[in-house]
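What the coordinates show
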Amino acid sequence: MAVDPAQPQPSPPSSPENAPNEPTQSQTPEPAALATPSSTSLSENFAAAITFLLPIGRRKTFGPTEAVPNPVSWIVPIGLLIGLIWAGSFRLSWRLYGEIGSLRVLPSLTVVLVECIFTGSFLALGLARTAHVLTGRQPFRVQTDRMIPLSPVGTLVLCLIVMVEFFLILSIDDRPGWWPPPNDWRYHFNFMYPHPIYRPLLLAPIWGRWGILLAATIGQTARDSDAETVALNRAMSPGRLLLHALLPLCLTAIYCSRSRNYLTGVIIGMLVFGITYVVTVAIARRGGGQSRQSLFAAGQIAQLAFLAVYRAFWRLIDG
């Protein structure tokens, strides 16, 4: 039978060797591969940071071609804002309810309630869920991004977090503290020195939110992590981590220094970094990478570590 050359012939089936390197329907690209933080606006990044840290708004599901906001630049400043909320709620409750003996029980309880209900609920639950998953038979981080019920271990960890944070805040002494004298160049900045009892309340949330960035810098994300977590992990680097550490480290050095003591605050910051780093590395290795919940767990650890180290160094700070 003759073949008409003018009639188009069907193309032969392509062999595996000649098949183009194109993704099939079964190959779905990772959300992180399509995350382009640079293409998002400043307001979108701020809104993403607020949604990431606080129970405000809804978690957004990003499409395969949609840019994922980058909340990195706003996480530490939001920690400063949370520190102001801590100090303000403590001061207001102190003026309303006073003290019980020499203890500020109700003001400390107010700060813990504000943290558990609004400013730090994600951090406490993140550490509890991480402990729940890591103590299971299959410690894969993929499970922590789901709303799973806490095991007895997770519930115990959550209770311990609240109790430890309450007693650490309650143990802060109301001492005169130190301000730069008139012959010191720092005397002109005395208006920036809060009362000593408010200084750890201001600094602890900043260190806690910086701990999230520290965890995002360590290792890779776990399987099935959400797009925002993957974008945050990819946006972080050691240099960027150190840049965002300037605010908590400088404020700690300023508020914990004296006329002849300039390194106390730096030592406190290094200890917080060391404790958070060791625990975060252990969580990442045990869980197979970082997830949203493990980032929150690192933030909670850094926050509690700062309160504990600050309280231990109080005699050196007070002189």
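Here the structure is a predicted model, which means the values were calculated and not measured.

Considerations on the overall build of the protein chain
Scanning the protein chain for helices and strands turns up 12 helices and zero strands. The buried share of the protein chain, reckoned over its 319 residues, is 47%. Long-range contacts, defined here as pairs at least 24 residues apart, represent 76% of the contacts in the protein chain between residues at least 6 apart. About 16,900 Å² of surface is accessible on the protein chain, with carbon and sulfur atoms providing 64% of the total.

Here's the deal with the nonpolar core
Counting residues in each nonpolar core, the largest one holds 60 residues, and the members touching the most others are F90, I169, I212, L213, L232, I268 and F306. If we skip the residues at most four places from it in the chain, I169 touches W86, F90, S108, V111, V112, L201 and L307. Counting residues in each nonpolar core, the second largest holds 10 residues, with A124, L127, V157 and I283 among its members.

Looking at the packing of aromatic side chains
We describe a pair of aromatic rings using the distance from one ring centre to the other and the angle between the two ring planes. Applying the stated criterion to the full structure yields 13 aromatic pairs. Measuring from centroid to centroid gives 5.3 Å for F166 and F167, while their planes differ by 70°, and the two rings are edge-to-face. Three or more aromatic residues joined by ring pairs form one cluster here, namely W207, W210, F273 and Y277. Above the ring of W94, the side-chain terminus of R104 is found at 5.6 Å from the ring centroid.

What to know about the packing of helix 1 (residues 42–53) against helix 2 (residues 72–97)
At a minimum axis separation of 9 Å, helix 1 and helix 2 run at an interaxial angle of 55°. Viewed along their axes, helix 1 and helix 2 adopt a mutual orientation that is oblique. The hand of the helix 1/helix 2 crossing is right-handed. Where helix 1 approaches helix 2, its residues L42, N45, F46, A49, I50 and L53 are matched on the opposing element by W74, I75 and I78. Residue classes in the contact of helix 1 with helix 2 are distributed as eight nonpolar, one polar and no charged.

Some words on the confidence of the model for the protein chain
Averaged over all residues, the pLDDT of the protein chain is 82; the fraction at 70 or higher stands at 80%. Here residues 1–8 scores under 50 on pLDDT; set against residues more than four positions off or in separate chains, the count is two contacts. Contacts for the low-pLDDT stretch residues 11–38, under 50 throughout, to residues beyond four places or in other chains number 16 contacts.

Topic: the side chain of S108
Tracing the chain through its elements places S108 in helix 3 (residues 105–119). When residues no more than four places from it in sequence are discounted, the contact partners of S108 are F90, F166, I169 and L170.

A short note on the packing of helix 6 (residues 199–217) against helix 11 (residues 292–312)
Viewed as axis vectors pointing N to C, helix 6 and helix 11 meet at an angle of 145°, and their least axial separation amounts to 7 Å. In this structure, the crossing between helix 6 and helix 11 has a hand that is right-handed. In this structure, helix 6 uses R199, P200, L203, A204, P205, W207, G208, R209, G211, I212, A215 and A216 to contact helix 11, whose residues at the interface are L295, F296, A298, G299, A302, Q303, F306, L307 and Y310. Across the contact of helix 6 with helix 11, the residue classes break down as 15 nonpolar, four polar and two charged.

Observations regarding the pattern of salt bridges
The final tally for this structure, using the stated rule, is five salt bridges. Here R209 makes a salt bridge to E115, at a shortest N to O gap of 3.7 Å. Remark: E115 occurs in helix 3 and R209 occurs in helix 6; sequence separation between them is 94 residues. The partner of D173 in a salt bridge is R311, with the nearest N and O atoms 3.4 Å apart. Here the residue D173 occupies a position in the loop between helix 5 (152–170) and helix 6, and R311 occupies one in helix 11, the gap between them amounting to 138 residues. Via salt bridges that share partners, D226, E228 and R292 belong to a single interconnected network.

Thresholds, definitions, all that
- Residues numbered from 1 in each chain as written.
- Predicted model: local features only at pLDDT ≥ 70, side-chain atom pairs only at ≥ 80, totals over all residues.
- Heavy atoms only, no water.
- Helix = DSSP H or I, 4+ residues; strand = E, 2+ residues; numbered from the N terminus.
- Buried < 20%, exposed > 50% of the residue type's maximum accessible area, 1.4 Å probe, protein only.
- Contact = heavy atoms within 4.5 Å.
- Areas by Shrake-Rupley, 256 points an atom, 1.4 Å probe, with all protein chains shown as cover.
- Core = buried A, V, L, I, M, F, W, Y, C linked by side-chain atoms within 4.5 Å.
- Phe/Tyr/Trp six-rings, centres within 6.5 Å; stacked < 30°, edge-to-face > 60°.
- Lys NZ or Arg CZ within 6 Å of the ring centre and 35° of its normal.
- Axes fitted to C-alpha atoms, helices over the stretch in contact; angles between N-to-C directions.
- Parallel < 35°, antiparallel > 145°, perpendicular 65-115°, else oblique.
- Left-handed = near helix turned anticlockwise from the far one by under 90°.
- Nonpolar A, V, L, I, M, F, W, Y, C, P; charged D, E, K, R; others polar.
- pLDDT = per-residue confidence, 0-100.
- Salt bridge = Lys/Arg side-chain N within 4 Å of Asp/Glu carboxyl O.

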